[in-house]
Amino acid sequence: MTSPRAFHKGGIAILDYGSQYTQLIARRLREQGIYSEIFPPEAPETQVFASAPRGVILSGSPHSVYEPNAPQLPAYLLKRDVPILGICYGMQLLAHTFGGGVSGAARREYGAAQLQIVPCPLFRDLPDQLAVWMSHADHVERLPAGWRAIGSTANAPYAAISDPEGRRYAVQFHPEVTHTIHGAAILRNFAVHICGCAPDWTPAAIIDESLAALRAQIGAEQVILGLSGGVDSAVAAALLQRAVGDQLTCIFINTGLLRKGEPESVVQTFQGQLGARLVAVDASEAFFEALAGVTDPEQKRSIIGERFIRAFESEARKLGKVKFLAQGTIYPDVIESGGGLGSAARTIKKHHNVGGLPADLAFELVEPLRYLFKDEVRRIGAALGLPDSIVWRQPFPGPGLAVRCLGEVTFERVERLRAADAIVLEELARADLLRGETSQAFAVLLPTRSVGVMGDGRTYQEVVAVRAVRTEDFMTAHWARLPYDVLARISERIVNEVQGVNRVVYDITTKPPATIEWE
Ligand code: XMP
């Protein structure tokens, strides 16, 4: 299994000590055009310096530097003349390593603070007082020899410090969170003015470098890619199409569990617009057959995952000799499955991404988006000419409508759900609530019936729940405060237009304790 290494040179390497904010550090830099990559602190020096970073940032951590097995500063960093910025735990680690004193504060300091700065390159062009965000228990109480304070708050005389040469900096607060008002500028000052990084990580550069890396990896071989209609596999396909043209074959399996109009739009965009070689297979009957009588959510996911792989394999076999399998893996997936110390997330649901297949299919992997965050994937998709309807698509679970059709998944019930779901999306789009106001919105068909009255007659029909959430990262979510008149229109249209549904309810639960999906 091979994937190209990072290609962009001269950015920032971030060592992840397990802070919940590590990804934000990388994103804040990349948003400003500065390439950054995240590594676990135990990664070998050759790996961390493979793309010749000009500076290193040490993240925060749930650990304390005095714990028995506290993660340390890698020895190679002390030998290299590379600028370092320590954040929170990263600060304590620097202070501790260079002979300063760190102690546990009597209580955690959490929340906003006012930082009084001393003019220096880190705070270049910033006001004297900065609103910063603190979240820590330990703090530096004695500076290493020669170091100086460059920022203080009411609680912390050493809230920002630097070494005598002005090559190593450390801050107790979190510049990566938006609550630190000039945080992005502080990170940019470090990267641009202290490390000498160029802000050259732009969509055009990403595309150029991706194309070169893909051509180098693939050569004259054949590649296949499972297209799900989601933004990641779509952008991966568009990049590959541009890189290797007809050496790419996209396989699109219609599971029968997609949303209204999706199969047609995928085929139209990729075959019609982008001119990609596309094999579209309608496997819906096989999926419904395999799901007959199954109501358990995890069992549904397993069945769909397995069916999908079978359908994909049988299509791939027909194509003859294919060396590479392309996947739409993106950077957060990479970080979470081998990245920092805080990566041992517990499995809540078996997430099966229908675009993603196991690597034991005897193919080598190509992962064109392996180093990109979602927002970068979208920007590149737009730059490659993908339509907004694909680039800005809300996320859709791999197992599709099966996990929104509670109870048994039959063709008839999925059709009902598909129709109700289309109404939810149409009405939200009409009210301009699909981008921004709602991060994800959909219909769920409940495994229950309720009594109603239509005309003069009693009905006993199914119930549709509408779910609409706002979220940044899909880990936590608020239910969307949709205007009543929009909810009213959705409800009216569903009970009037969808056969077999006589009641609509709105889900007003946050995540946690609920999840976004119902199964
Ligand atoms: P939950 O329901 O866990 O969902 O709050 C969080 C986000 O993940 C999506 N989701 C999935 N995506 N395969 C996927 O590719 C899956 O099996 C799956 N399950 C949930 C969900 O739609 C939401 O955006």
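Just so it is clear, the structure is predicted and the values come from calculations on it, not from any experiment.

**Digging into helix α15 (residues 484–497)**
The end-to-end C-alpha separation of α15 is 20 Å, in line with the 20 Å expected for 14 residues at 1.5 Å each. Among the residues of α15, those classed as buried are Val486, Leu487, Ile490, Arg493 and Ile494. Considered in projection along α15, the buried side chains sweep an arc of 135° and stay on one side of the axis. Projecting away from the buried face of α15 at angles above 90 degrees are the exposed residues Tyr484 and Asn496. Each element contacted by the buried residues of α15 is listed here: α14 (411–430), β16 (457–470) and β18 (501–506).

**Looking at the side chain of Glu315**
Mapped onto the elements, Glu315 comes out in helix α10 (residues 297–318). Among the polar contacts made by the side chain of Glu315, one reaches the side chain of Lys318 at a distance of 2.9 Å. If near-sequence neighbours (up to four positions away) are discounted, Glu315 is found in contact with Ile251, Val279 and Val281.

**Observations concerning the side chain of Thr438**
Residue placement: Thr438 occurs in the loop between α14 and β15 (440–454). Leave out the neighbours within four places in its chain, and Thr438 touches Gln394, Leu428, Leu433, Ala468, Val469, Ala480 and Leu482.

**Considering the packing of aromatic side chains**
By the definition in use, this model includes 10 aromatic pairs. On the basis of an interplanar angle of 45° and a centroid distance of 5.5 Å, the ring pair of Tyr17 and Tyr89 is categorised as tilted. Here Tyr17 is found in the loop between β1 (12–15) and α1 (22–31), whereas its partner Tyr89 is found in helix α4 (residues 89–97), with 72 residues between them in sequence. The exposure class of Tyr17 is buried, given its relative accessible area of 0%. According to the relative accessible area criterion, Tyr89 is buried, its value standing at 1%. Residues Tyr331 and Tyr371 carry aromatic rings whose centres are separated by 6.0 Å and whose planes lie at 45° to one another, so their mutual orientation is tilted. Taken together, the positions of Tyr331 in helix α11 (residues 331–336) and Tyr371 in the loop between β14 (364–366) and α12 (374–383) put the pair 40 residues apart, joining distant regions of the chain. Assessed through its relative accessible area of 6%, Tyr371 is described here as buried. Members of the aromatic cluster, connected to one another through ring pairs, are Tyr331, Tyr371 and Phe373. Its end group placed over the ring of Phe442, Arg404 keeps NZ or CZ at 3.7 Å from the ring centre.

Scoring rules and cut-offs
- Residues numbered from 1 in each chain as written.
- Predicted model: local features only at pLDDT ≥ 70, side-chain atom pairs only at ≥ 80, totals over all residues.
- Heavy atoms only, no water.
- Helix = DSSP H or I, 4+ residues; strand = E, 2+ residues; numbered from the N terminus.
- Expected span 1.5 Å × (residues − 1).
- Buried < 20%, exposed > 50% of the residue type's maximum accessible area, 1.4 Å probe, protein only.
- Arc of directions from axis to C-beta.
- Contact = heavy atoms within 4.5 Å.
- Polar contact = N/O pair within 3.5 Å; in protein donor to acceptor, adjacent residues only side chain to side chain.
- Phe/Tyr/Trp six-rings, centres within 6.5 Å; stacked < 30°, edge-to-face > 60°.
- Lys NZ or Arg CZ within 6 Å of the ring centre and 35° of its normal.

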